[in-house]
Amino acid sequence: MRIGESFIGDGVDAAHINTVLGARDGPVGVAWATALATPRQGHVPFVAVLQPGLPTRPLTLFVNKATIEGDRHATLTWGAAQAGVAAGVADAVHAGTVAREQVDELVLIAAVWVNPLAEYADAVYTNNREATARALAAGAAASGPAAGELLEQVLAARDQPANPFYRPGGGHHSPAGGAW
């Protein structure tokens, strides 16, 4: 099982992706099928497609982290962000981050944040594409030979956590406020 994360962009069109990649016949496959079969109000997992009838490989379950708030948010989530995730998965396969010969044995869960205030479809698409490819690369690095280096980076950063919404001593940063 490979777990990855990436945050790309700033402001309301930024993308935050969490990925879980694993065997179709293992615990990730069970979680994938369970999530697909149990939608809830405002959160409807679905298979990501590059084009209608052309699901990406490995099969990718798109799970929205933000409750859908209105038609524009729905369109950006299910349109631009979904297309970005599908393309990012294909980019990861093309780059070898996900082995081409394993794509039909694997499934991917992509938990995707699209801000309800997002504005620009092309920015949402681009940020989600890059965030997905980077999350998959981070998952590969965390479970491969670079895992020790990653742990050292985690330990070195333990007294300086920061994200686009908060930095100790730096106060609160609005999600709409852009780069920090």
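Everything here concerns the structure above.
Definitions and cut-offs
- Residues numbered from 1 in each chain as written.
- Predicted model: local features only at pLDDT ≥ 70, side-chain atom pairs only at ≥ 80, totals over all residues.
- Heavy atoms only, no water.
- Pairing = 2+ DSSP bridges.
- Helix = DSSP H or I, 4+ residues; strand = E, 2+ residues; numbered from the N terminus.
- Expected span 1.5 Å × (residues − 1).
- Buried < 20%, exposed > 50% of the residue type's maximum accessible area, 1.4 Å probe, protein only.
- Contact = heavy atoms within 4.5 Å.
- Core = buried A, V, L, I, M, F, W, Y, C linked by side-chain atoms within 4.5 Å.

Let us look at the pairing of strand S2 (residues 15–23). Pairing geometry for strand S1 (residues 2–8) and S2, over seven bridges, is antiparallel. Its bridge partner lying in S2, Arg2 is registered against Leu21. Across eight bridges, the pairing between S2 and strand S7 (residues 106–113) is antiparallel. Considered in S7, the bridge of Thr19 is made with Ala110.

Okay, helix H3 (residues 121–142) next. End to end, H3 covers 31 Å across 22 residues, agreeing with the expected 32 Å (1.5 Å per residue, within 8%). Within the sequence span of H3, burial applies to Val124, Asn127, Asn128, Ala131, Thr132, Ala135, Leu136, Gly139 and Ala140. On its buried face, H3 sits against S1, S2, helix H2 (71–95) and S7.

Here we take up the nonpolar core. With 25 residues, the main nonpolar core has Val85, Val98, Val112 and Leu136 as its most contacted residues. In terms of residue count, H2 provides more of this core than any other element does, seven residues in total. Residues within four places of Leu136 in sequence aside, it is in contact with Thr19, Leu21, Val89, Ala92, Thr97, Val98 and Leu108. The next biggest cluster of nonpolar side chains, apart from the first, holds seven residues, and it includes Leu59, Leu61, Val107 and Ile109.

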